[in-house]
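# Commentary on secondary and tertiary structure
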Amino acid sequence: MGDPRSLFDLTGRVACVTGASSGLGRRAATILAGAGAQVVGVARREEALKAWQVETGPNAEIVVADVANRDAVGALRDAVSAPFGSPDILVHAAGVNTREAADEVTPEGWDRTIALNLTAPFFVSQALVPGMRAKGWGRIVNFASLQTYRAFPGGISYGATKAGIGQLTRAMAEAWSRDGITANAIGPGFFPTELTEAVFADPERSARNASQTCLLRNGRLDDLDGPLLFLCSDASAYVTGQVIMVDGGFTAK
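Scope of this entry: the structure provided in the associated data block. (Residues numbered from 1 in each chain as written. Predicted model: local features only at pLDDT ≥ 70, side-chain atom pairs only at ≥ 80, totals over all residues. Heavy atoms only, no water.)

### Some remarks on the pattern of salt bridges
Per the stated rule, a full pass over the model turns up 13 salt bridges. Arg45 is the salt-bridge partner of Glu194, the closest N and O atoms lying 3.4 Å from each other. Highlighted residues: Glu194 in the loop between strand 6 (181-188) and helix 6 (197-200) and Arg45 in the loop between strand 2 (38-43) and helix 2 (46-56), separated in sequence by 149 residues. Given a relative accessible area of 45%, Glu194 falls into the partly exposed group. For Arg45, a relative accessible area of 38% corresponds to the partly exposed category. Here Asp234 ties to Arg139 by a salt bridge, and the two come within 4.0 Å at their closest N and O atoms. Remark: Arg139 occurs in strand 5 (residues 138-143) and Asp234 occurs in the loop between helix 8 (225-232) and strand 7 (243-246); sequence separation between them is 95 residues. Note on Arg139: relative accessible area 2%, which makes it buried. (Salt bridge = Lys/Arg side-chain N within 4 Å of Asp/Glu carboxyl O. Helix = DSSP H or I, 4+ residues; strand = E, 2+ residues; numbered from the N terminus. Buried < 20%, exposed > 50% of the residue type's maximum accessible area, 1.4 Å probe, protein only.)

In C-alpha cells form, the structure reads like this:
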C-alpha cells in the first residue's frame, strides 16, 4: 500500500475553474493550485483575476471570459488549454442569483440565470470532455445549492437552475464516466461570499440560518477544501453522479 496522501495529490493535473475571481470559485482555484495542479481561472473581472493570480503564483493563469456566451465556447476551450494543455479538472463555480420574487421575475433575469448557472456548465464541459477522454481521466465538479432540494423566497429562477444541476450532474456521469471522467456536484450551505452578502449583513438572518444546521454554524471557506479536493482527485475514482451537500447538515433536518 502506498502513501494514502497521494490520492489527493494533483501534481501534473491541469484544472479550469470558472468564477475564479471571487467567493467559492476563487477558493476552489486556490486549493487546487495548492494541491499541485496548474490552474486556469476564468471570470469576467480581469483585475480580480489578476489579483488571484499574483497571490497564487506560477501555477496560476487567467482567462477573461463570459462563460455564458455560448457562441464563444470554442474560443474559451482554446484559451484555457493554451497555458498548460487541455484541462483534466473542470470546476463550474460561476453563477448568479437575481433574487427576484416569482411575480417579479423578468425575462432578462431568467435568461441570464439559466445561461450562466445551467447552460454554461453543460456546453463548457462538452467542449473540454474530448481532451479528458483522450487521457482516460477527468473530473467535472458542478456547484449545486441548498436550492437544489429546497425552495427559498426570491429563488424561483436560481432554484430551477440548481435543481437542474442535480440532474445535469447525473446525466453527465451517465454519458462520460465510462471514459474515465467522473461528474459530481458540491452543494454549499450558507458561506460568506459576494452572492450572500445580504444574508450575512443581517445578523438575525445569519443566526437563523446557522440554527437550522446540525452543526449550528454557517460555513467557512475552508469547509469547502476537503470535499472539493476529494472530488477532483484519485480519491473519488469510484464516485460519480453524486451531489455532496457541504451544508453543516442543513438539508438533513
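So that's the structure; there's more coming.
### Concerning the sheet that holds strand 7
Taken in spatial order, the 7 strands of this open sheet run 3-2-1-4-5-6-7, and their pairing is parallel. One side of each edge strand has no neighbouring strand; the edge strands of this open sheet are strand 3 (60-64) and strand 7. Neighbour-to-neighbour, the strand axes of this sheet turn through a mean angle of 20 degrees, independent of strand direction. Strands strand 2 and strand 3 of the sheet are contacted by helix 2, whose axis makes an angle of about 175 degrees with strand 3. (Pairing = 2+ DSSP bridges. Axes fitted to C-alpha atoms, helices over the stretch in contact; angles between N-to-C directions. Contact = heavy atoms within 4.5 Å.)

### Regarding the pairing of strand 5
The element strand 5 is largely enclosed, with a buried count of 6 among its 6 residues. Here strand 5 shows a buried face lined by Gly138, Ile140 and Asn142 and a second buried face lined by Arg139, Val141 and Phe143. Alignment of strand 4 (residues 89-92) against strand 5, held across 4 bridges, turns out to be parallel. Across the sheet, the residue bridging to Ile89 is Arg139, located in strand 5. Between the parallel pair strand 4 and strand 5, the chain is carried across by helix 4 (residues 107-135), and the sense of this crossover is right-handed. Direction of pairing for strand 5 relative to strand 6: parallel, over a ladder of 6 bridges. Across the sheet, residue Arg139 finds its bridge partner in strand 6, namely Thr182. With respect to chirality, the unit in which strand 5 leads through helix 5 (residues 156-176) into the neighbouring parallel strand 6 is right-handed. (Right-handed = clockwise from strand over helix to strand, strands pointing away.)

### Brief notes about the pairing of strand 3
As paired elements, strand 2 and strand 3 share 5 bridges and run parallel to each other. Counted as the bridge partner of Val40 is Glu61 from strand 3. Once the chain exits strand 2 it traverses helix 2 before rejoining the sheet at strand 3, and the crossover so formed is right-handed.

### What about the environment of Asp179?
Note that Asp179 resides in the loop between helix 5 and strand 6. With 77 residues separating them in the primary sequence, Asp179 and Ala102 have C-alpha atoms 41 Å apart. Setting aside anything within four residues of it in sequence, one finds Asp179 in contact with Arg133, Gly136 and Trp137.

### Topic: unusual backbone geometry
Here Arg99, not a glycine, exhibits a phi torsion of approximately 50 degrees, which is positive. Relative to the assigned elements, Arg99 resides in the loop between strand 4 and helix 4. In this model, Leu216 sits at a positive phi of 60 degrees, which is unusual for a non-glycine residue.

### Remarks on the packing of helix 1 (residues 23-34) against helix 8
Across the interface, helix 1 lies against helix 8 with an axial gap of 10 Å and an inter-helix angle of 60 degrees. Taken together, the axes of helix 1 and helix 8 lie oblique to each other. Where helix 1 crosses over helix 8, the handedness of that crossing is right-handed. Here Arg27, Ala28, Ile31 and Leu32 of helix 1 lie close against helix 8, whose contacting residues are Asp225, Leu228 and Cys232. A breakdown of the residues in the contact of helix 1 with helix 8 according to their chemical character gives 5 nonpolar, no polar and 2 charged. (Parallel < 35°, antiparallel > 145°, perpendicular 65-115°, else oblique. Left-handed = near helix turned anticlockwise from the far one by under 90°. Nonpolar A, V, L, I, M, F, W, Y, C, P; charged D, E, K, R; others polar.)

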